[in-house]
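Coordinates in review
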Amino acid sequence: MQYINTYNSPIGKITLASNGTELTGLWFEGQKYFASTLTKEYEQKNLPVFEQTAKWLDIYFCGEEPNFTPPLYLSSTPFRNEVWKILLTIPYGKVMTYGEIAKKMAQIKGVEKMSAQAVGGAVGNNPISIIVPCHRVVGSNGSLTGYAGGLDIKQKLLQFEHTDMSRLFVPYKLQ
């Protein structure tokens, strides 16, 4: 059985999902791939993992780095799981480029090159936003590109972390 709960953050409603003991999802309302790990049957319930996650989010949204991580369950392809492990190594308040992650993946796989686009697909499908910090991934030129929750939320999350935004920008999109 799967369970959900909600958290009202200062930048929007967040839905949390769990298998009963571990966090399996964390999405902003309406984000791309919303509820991607949920089965058709689930129930709303208050669980210890949701309480731990809410505490983590309370600390985070106060502009502080939480000193613990709620139990997480990430299950996908080996490639995505490996990318998500790399995301967990990006320090609070810092950013890493898709290309840097691709280089790390190439080293792990023992190949000369890895596609930054493939990495981008894995990053974009991260089911546990914020805690698995996909918002800390930027384009090679510093552009705040590719966040399933929207670029405005990505920018706000980085600001909560007191990230140096002087070299980062939202790319201009032609309409």
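Before reading further, recall that the structure is shown in the block above.
Since the model is a prediction, treat every value here as computed from it, not as a measurement.

Right, let's talk about the environment of F160 for a bit. In this structure, F160 sits in helix α5 (residues 151–160). On the accessibility criterion, F160 (19% relative accessible area) is buried. Sequence separation between F160 and E64 is 96 residues; the distance between their C-alpha atoms is 7.9 Å. Once residues lying within four places of it in the same chain are set aside, the contact partners of F160 are P10, I11, Y60, F61, G63 and Y92.

By secondary structure assignment, the location of Y7 is in strand β1 (residues 2–9). Of the residues examined, Y7 reaches a relative accessible area of 11% and is grouped as buried. There is a polar contact of 2.6 Å between the side chain of Y7 and the side chain of D58.

Let us look at the nonpolar core. Grouped together as the largest cluster of nonpolar side chains are 40 residues, with contacts concentrated most on L26, F61, L87, I101, I130 and L157. Taken together, the elements giving at least two residues each to this core come down to β1, β2 (12–18), β3 (23–28), α1 (48–61), α2 (78–87), α3 (98–109), α4 (116–124) and α5. Ranked by residues supplied to this core, first place goes to α1 with 6 residues. If we ignore the near neighbours within four places in the chain, the residues touching F61 are Y7, S9, P10, I11, I14, I130, L157 and F160.

Attention now moves to α3. Given a rise of 1.5 Å per residue, 12 residues ought to cover 16 Å, and the 16 Å separating the end C-alpha atoms of α3 matches this to within 8%. The set of residues buried in α3 consists of Y98, I101, A102, M105 and A106. What you see down the axis of α3 is that its buried residues fit within an arc of 145°, all on one side. Among the exposed residues of α3, those pointing more than 90 degrees away from its buried face are K103 and Q107. Where α3 is buried, its residues contact α2, β5 (96–97), α4, β6 (137–138) and α5. Looking one or two residues beyond α3, the residue adopting positive phi is G110, at roughly 70°.

Moving on: empty space enclosed by the protein. Across all of its chains, the model carries 1 cavity of 30 Å³ or more by this definition. By volume, the largest cavity is sized at about 60 Å³. Considering the residues around the largest cavity, the lining is formed by Q31, V123, G124, N126, S129, C134, G146, Y147, A148 and G149. For the lining of the largest cavity, the residue count by class is 4 nonpolar, 6 polar and no charged.

With that out of the way, let us pick up the packing of α2 against α3. Here α2 crosses α3 at 125°, and the two axes come no closer than 10 Å. What the angle tells us is that α2 and α3 run oblique. Crossing geometry of α2 relative to α3 is assigned as right-handed. Taken together, the residues of α3 that come into contact with α2 (itself represented by F79, E82, V83, I86 and L87) are I101, K104, M105, I108 and K109. The class makeup of the residues in the contact of α2 with α3 is 7 nonpolar, no polar and 3 charged.

The next subject is the layout of surface pockets. The volume enclosed by the largest pocket comes to roughly 200 Å³. As for the largest pocket, its lining consists of 13 residues, and the residues nearest its centre are W56, E65, T69, I131 and R136. Taken together, the residues of the lining of the largest pocket sort by class into 10 nonpolar, 1 polar and 2 charged. Taken as a whole, the second largest pocket encloses approximately 150 Å³ of empty space. In this structure, the second largest pocket is lined by G93, K94, V95, T163, D164, S166, R167 and L168. The residue makeup of the lining of the second largest pocket, split by class, is 2 nonpolar, 3 polar and 3 charged.

The rules we used
Residues numbered from 1 in each chain as written. Predicted model: local features only at pLDDT ≥ 70, side-chain atom pairs only at ≥ 80, totals over all residues. Heavy atoms only, no water. Helix = DSSP H or I, 4+ residues; strand = E, 2+ residues; numbered from the N terminus. Buried < 20%, exposed > 50% of the residue type's maximum accessible area, 1.4 Å probe, protein only. Contact = heavy atoms within 4.5 Å. Polar contact = N/O pair within 3.5 Å; in protein donor to acceptor, adjacent residues only side chain to side chain. Core = buried A, V, L, I, M, F, W, Y, C linked by side-chain atoms within 4.5 Å. Expected span 1.5 Å × (residues − 1). Arc of directions from axis to C-beta. 1 Å grid on protein atoms, 1.4 Å probe; cavity = no way out; pocket = protein on both sides within 12 Å on 5 of 7 lines; lining within 4 Å. Points joined across faces, edges and corners; volume = space filled by probe spheres on them. Nonpolar A, V, L, I, M, F, W, Y, C, P; charged D, E, K, R; others polar. Axes fitted to C-alpha atoms, helices over the stretch in contact; angles between N-to-C directions. Parallel < 35°, antiparallel > 145°, perpendicular 65-115°, else oblique. Left-handed = near helix turned anticlockwise from the far one by under 90°.

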